[in-house]
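Residues per chain, in single letters:
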Amino acid sequence: MGLSGYIIYFIVLLIVPIWAQMKLKSTYKKYSKVRSTSGHTGAEVARIILDQNGLSDVKVVESRGMLSDHYNPMTKTVALSSHNYHEPSVAGTAVAAHEVGHAIQDATDYSFLRFRHRMVPMVNISSNMSWIFIMIGIFAQISGAMLIGIALLAVGVLFQLVTLPVEFNASNRAMDQLLSHNIIRNEEERHAKKVLNAAAMTYVAATAVAVIELARLILIYTSMERS
């Protein structure tokens, strides 16, 4: 990899993820201060959409930390951060609907969600082991160890790639639900999309970094094989 290649690599590795996180935080901060016309809190929005989709068994709970919102398929729980849970904001409405989108994916047996869930045990192991083999390969110049490390790292990259359709699909489901149940109106649709798009960019940035890092290690491996 030449000098220009390393410059591009470090730009993507450092700047892109930071930009994506800053974009998410600024967009969320802006629209968390905009009151939703429905007057529903995030918890209420989540409950409305869940009940309308026959998911009364899915619980809505409060979670600690900013932007700690998530859906747990094991416990069938939509967890919303405190502000989103309690306040009637456009940002909270969008985030709550997105997490419920994951619950709907789970209930409808969405293939990418199922595949990602099955990958979790493999990713937990591979992410811890991959860099051990990669470091051994680089410093000891053992191409076989390097190849094992790359293969383990590729599992994590695949997980990142599978995450993209899961997140985009959840956002699409969120917007459909918000509109079909008249929870958002007029300008709120555009604002909610901005919040969801900013959140999606963090996943795109993480995937881009993972793919480029994998490509860089493959180049190192091929150069080791030639020498």
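Conventions used here
Sequence positions are assigned chain by chain, starting from 1 and proceeding in written order. Local features in a predicted model are, by the rule used here, given only for residues with pLDDT of at least 70; side-chain atom pairs are given and counted only at 80 or more, and totals for whole chains, interfaces and linings are based on all residues. Calculated side-chain values reflect all of the structure's heavy atoms, with hydrogen atoms and water omitted. Working definition: helices are DSSP H or I runs of at least four residues, strands are E runs of at least two. Numbering for both runs from the N terminus. Three exposure classes are used, based on accessible area relative to the maximum for each residue type with a 1.4 Å probe and protein chains only: buried under 20%, partly exposed in between, and exposed over 50%. Here the accessible surface of atoms and residues is derived via Shrake-Rupley with a 1.4 Å probe, and residues count as covered only by protein chains that are part of the display. UniProt positions are given in the numbering used here, feature names are shortened, and annotations may be inferred rather than shown by experiment. Within the patch definition used here, like charges are joined within 9 Å and nonpolar side chains (Val, Leu, Ile, Met, Phe, Trp, Tyr) within 5 Å, considering only residues with over 30% relative accessible area and no salt bridge. One side-chain nitrogen of Lys or Arg within 4 Å of one carboxyl oxygen of Asp or Glu is enough to make a salt bridge. In this analysis, the protein atoms alone were mapped onto a 1 Å grid. Cavities are point sets where a 1.4 Å probe fits without being able to get out; pockets are open sets with protein on both sides within 12 Å along at least five of seven lines; lining residues have an atom within 4 Å of a point. Grid points are joined across faces, edges and corners, and a volume is the space filled by probe spheres set on the points. Here the term charged refers only to Asp, Glu, Lys and Arg, the term nonpolar to Ala, Val, Leu, Ile, Met, Phe, Trp, Tyr, Cys and Pro, and the term polar to all other amino acids, Gly among them. Put simply, a nonpolar core is a bunch of buried Ala, Val, Leu, Ile, Met, Phe, Trp, Tyr and Cys residues held in one set by side-chain atoms that sit within 4.5 Å of each other. Two residues qualify as a contact provided that any one of their heavy atoms is within 4.5 Å of a heavy atom in the partner residue. Multiply 1.5 Å by the residue count of a helix minus one, and that product is the helix's expected span. Only strands joined by at least two bridges in the DSSP assignment are considered to pair. To obtain the arc, one takes the directions from the helix axis to the C-beta atoms. Side-chain rings of Phe, Tyr and Trp (the six-membered ring for Trp) are treated as a pair once their centres are within 6.5 Å; stacked means planes under 30 degrees apart, edge-to-face means over 60, and tilted covers the remaining angles. Charge-over-ring contacts are defined here by two conditions on Lys NZ or Arg CZ: a distance within 6 Å of the ring centre and an angle within 35 degrees of the ring normal.

Q: What am I meant to see in the overall build of the chain here?
A: Per the secondary structure count, the chain includes seven helices and three strands. Seen in sequence order, the chain has helices and strands lined up from the N terminus as α-α-β-β-β-α-α-α-α-α. If you line up the chain on its principal axes, its C-alpha atoms span 65 × 35 × 25 Å. Within the span of the chain, comprising 227 residues, buried residues form 42% of the whole. Only carbon and sulfur atoms are counted for the fraction: they give 63% of the accessible area of the chain, which is about 11900 Å².

Q: When you look at the UniProt feature "transmembrane region" (unreviewed entry) in the chain in this model, what are you seeing that I'm missing?
A: UniProt records the feature "transmembrane region" (unreviewed entry) at residues 6–24, 131–159 and 200–221, using the numbering of this structure. The straight-line gap between the two end C-alpha atoms of residues 131–159 is 17 Å; of that span, 93% is helix and 0% is strand. Taken as a whole, residues 200–221 contains 100% helix and 0% strand, while its terminal C-alpha atoms sit 32 Å from one another.

Q: Help me understand a nonpolar patch on the surface in this model?
A: Residues Ile7, Phe10, Ile11, Leu14, Ile15, Trp19 and Met201 make up a contiguous nonpolar surface patch of about 660 Å² in total accessible area. With six residues, the single largest contributor to the nonpolar patch is helix H1 (residues 3–31). By the element assignment, Ile11 lies in helix H1.

Q: Would you mind going over the layout of surface pockets with me for this structure?
A: Each pocket or cavity is described by its volume, and for the largest pocket that value is around 630 Å³. Lining the largest pocket are 27 residues; nearest its centre among them are Asp69, His98, Glu99, Glu167 and Tyr203. The set of elements that each furnish at least two residues to the lining of the largest pocket consists of H1, strand S2 (70–72), helix H4 (90–107), helix H5 (111–140), helix H6 (143–180) and helix H7 (187–226). When residues of the lining of the largest pocket are assigned to their parent elements, the largest contribution, six residues, is made by H7. Partitioned by chemical class, the residues of the lining of the largest pocket number 14 nonpolar, nine polar and four charged.

Q: Got a minute to help me understand the nonpolar core in this structure?
A: Counting residues in hydrophobic clusters, the biggest one holds 30 residues, and the most contacted among them are Ile49, Leu50, Val78, Val100 and Leu178. Top element by residues in this core is H4. It accounts for nine residues. With near-sequence residues (within four places) excluded, Val100 lies in contact with Ala46, Ile49, Leu50 and Val78. Within the second largest apolar cluster, 10 residues are counted, among which are Met146, Leu153, Leu214 and Met224.

Q: Help me out: how do you make sense of H4 in this one?
A: One turn of an α-helix holds 3.6 residues; hence residues three or four places apart share an orientation. In this model, H4 (18 residues) spans 26 Å end to end at C-alpha, consistent with the 26 Å of a helix rising 1.5 Å per residue. The buried fraction of H4 amounts to 17 of the 18 residues, a majority that puts the element mostly inside the structure.

Q: Is there a simple way to explain the pairing of strand S3 (residues 77–81) in this structure?
A: A regular strand carries its side chains on alternate faces of the sheet. Here S3 lies mainly inside the structure; five of its five residues are buried. As paired strands, strand S1 (residues 59–63) and S3 are joined by five bridges and run parallel to one another. Within S3, the position partnered with Ser63 by the bridge is Ser81. Linking two consecutive strands that pair antiparallel, namely S2 and S3, is a turn of four residues; a positive phi of about 55° is found at Lys76 within it.

Q: Sorry, what's going on with helix H2 (residues 42–52) here?
A: Listing the buried residues of H2 in full gives Gly42, Ala43, Val45, Ala46, Ile49 and Leu50. All buried residues of H2 fall inside an arc of 160° around its axis, so they share one side. Check the buried side of H2 and you find it contacts S1, S3, helix H3 (82–86), H4 and H6. Positive phi appears at Gly54, one or two residues downstream of H2, with a value of about 70°.

Q: It is not clear to me how the packing of aromatic side chains should be interpreted in this structure. Could you clarify?
A: Inspection of every chain in the model, using the stated rule, returns one aromatic pair. The interplanar angle of 50° and the centroid separation of 5.9 Å between the aromatic rings of Tyr110 and Phe112 together place this pair among those described as tilted. The class of Phe112 is partly exposed, set by a relative accessible area of 37%. One Lys or Arg, Arg173, reaches over the ring of Tyr110 and ends 5.4 Å from the middle of that ring.

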